[in-house]
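Listed below, chain by chain, are the residues.
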Amino acid sequence: SDGALPYVPARGGLPALRRAAADCRGCPLYADATQTVFGAGPARARLMLVGEQPGDQEDRAGEPFVGPAGRLLRSALGEAGIEDEQAYFTNAVKHFKFAPVTEGRKRRIHKAPSLGELTACRPWLAAEIKRVDPELVVALGATAGKSLLGSSFKVTESRGALLSLTPGADLPLTAEEKHDSDDDGRRLLATVHPSAVLRAKDRDEAFAGLVSDLRVASRYLG
Ligand code: URA
Ligand code: SF4
């Protein structure tokens, strides 16, 4: 399958992308989720932050990073000296994937997207990067890292370093993406996912690690 590719409009800005993404059926995840959660933020943000997929609250609100992980991320950005209003927030996968709701339980349990779903949704992320044209993309966790750098990406090996954003060679690239990967030194910085900080045994230490990585982004953007 071509995943999301047939649904991505060749022309138009972010609003056109967002409208088209609302009707995407590029993988099975649209069926059980409430809605597509597209990226949000300034159309020409210098910084783009990429998470894994919307969570329970994002699925209901239709906006990325509005739940607990988003609050933690915004507070880490603040400590690193980055204004969150200046950043574009999005996810590697645009629909919420969750375990079947057992009766009496209100919150649905997040499930990690498969590599197939990640690949299917990648054209949306590629199109957002092309339209927003950020100087720096921050990959939050392994899923975002794999989507942006290829399936062998590991957070522990790469976090906190300024890398160059060349799409992973093992993922199918459109001609446009190939062209983009040749251009102008866009940078990528990987760090942990804010949900991993929420789950960490030593939360203060994990939070400090996230802030320290984001300071590298802050310094790069000046
Ligand atoms: N986690 C993510 O990766 N993205 C969101 O938008 C919310 C939680
Ligand atoms: Fe389309 Fe991505 Fe949603 Fe799958 S997860 S239906 S590819 S928007």
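Residues numbered from 1 in each chain as written. Chains lettered and ligands numbered in written order. Predicted model: local features only at pLDDT ≥ 70, side-chain atom pairs only at ≥ 80, totals over all residues.

The condition is simple: UniProt positions are given in the numbering used here, feature names are shortened, and annotations may be inferred rather than shown by experiment.
An unreviewed UniProt entry annotates the chain as Type-4 uracil-DNA glycosylase originating from Streptomyces aurantiacus JA 4570. Listed under Sequence similarities (unreviewed entry) in UniProt, the entry text for the chain is "Belongs to the uracil-DNA glycosylase (UDG) superfamily. Type 4 (UDGa) family."

### A closer look at the packing of helix α1 (residues 14-21) against helix α4 (residues 115-132)
Definition in use: Angles run from 0 to 180 degrees between N-to-C directions of axes, and those axes are lines fitted to C-alpha atoms, restricted for helices to the stretch in contact. Starting at the N terminus, helices and strands are each numbered in turn, a helix being any DSSP run of H or I of at least four residues and a strand any DSSP run of E of at least two. Orientation is classified from the angle alone, with under 35 degrees giving roughly parallel, over 145 giving roughly antiparallel, 65 to 115 giving roughly perpendicular, and any other angle giving oblique. Working rule for handedness: look at the near helix, and if it is turned counterclockwise from the far one by less than a right angle, call the crossing left-handed; if clockwise, right-handed. Each residue is represented by a C-beta atom placed from its backbone, and any two residues with such atoms within 7 Å are regarded as in contact. For this scheme, ten residues count as nonpolar: Ala, Val, Leu, Ile, Met, Phe, Trp, Tyr, Cys and Pro. Four count as charged, namely Asp, Glu, Lys and Arg, and the remainder, Gly too, count as polar.
Look at α1 against α4: their axes get within 10 Å of each other, and the N-to-C directions meet at 165 degrees. Taken together, the axes of α1 and α4 are roughly antiparallel relative to one another. Taken as a pair, α1 and α4 cross one another with a handedness that is left-handed. Residues Leu14, Leu17 and Ala21 of α1 lie in contact with α4, whose contacting residues are Trp124, Ala127, Glu128 and Arg131. Of the residues assigned to the contact of α1 with α4, the class counts are five nonpolar, no polar and two charged.

### Details of the site of ligand 2
Put simply, the rule is: The criterion for a residue being near a molecule or strand is simple: its C-beta atom, placed using the backbone, must lie within 6 Å of it.
Not every one of the 17 residues close to ligand 2 is listed here, only the nearest: Cys24, Gly26, Cys27, His95 and Cys121. By residue number, the principal contributor to the shell around ligand 2 is α4, which donates four residues. Class assignment of the residues belonging to the shell around ligand 2 gives a composition of ten nonpolar, four polar and three charged.

### Here's the deal with the confidence of the model for the chain
To keep things clear, this is the line we draw: Every residue gets a pLDDT, meaning the predictor's confidence in that residue, from 0 to 100.
With 89% of its residues at a pLDDT of 70 or more, the chain shows a mean pLDDT of 91. Segment residues 168-175: pLDDT under 50, and eleven contacts once partners within four positions in sequence are set aside and those in other chains are kept. The complex model carries a pTM of 0.92, and its ipTM stands at 0.96.

### What about the pairing of strand β3 (residues 136-140)?
Threshold: Residue burial is a threshold on neighbouring C-beta atoms within 10 Å of the residue's own C-beta, all placed from the backbone, with 20 or more meaning buried, 12 or fewer meaning exposed, and counts in between meaning partly exposed. By this definition, two strands are paired if DSSP reports at least two bridges between them.
Summarising burial for β3: five of the five residues are buried, a large majority. Residues Leu136, Val138 and Leu140 of β3 are buried on one face, and the alternating residues Val137 and Ala139, pointing to the opposite face, are buried as well. Here strand β1 (residues 47-51) pairs with β3 via four bridges, running parallel. Of the residues in β3, the one forming a bridge with methionine 48 is valine 137. Looking at chain direction, β3 and strand β5 (residues 187-191) are connected through five bridges and run parallel. Among the inter-strand pairings, leucine 140 is bridged to a residue of β5, identified as threonine 191.

### Some remarks on the pairing of β5
Looking along a regular strand, one sees side chains alternate from face to face of the sheet. In terms of burial, β5 is a largely internal element, four of the five residues being buried. Sheet analysis places strand β4 (residues 162-164) next to β5, joined by three bridges and oriented antiparallel. Across the sheet, residue leucine 162 finds its bridge partner in β5, namely leucine 189.

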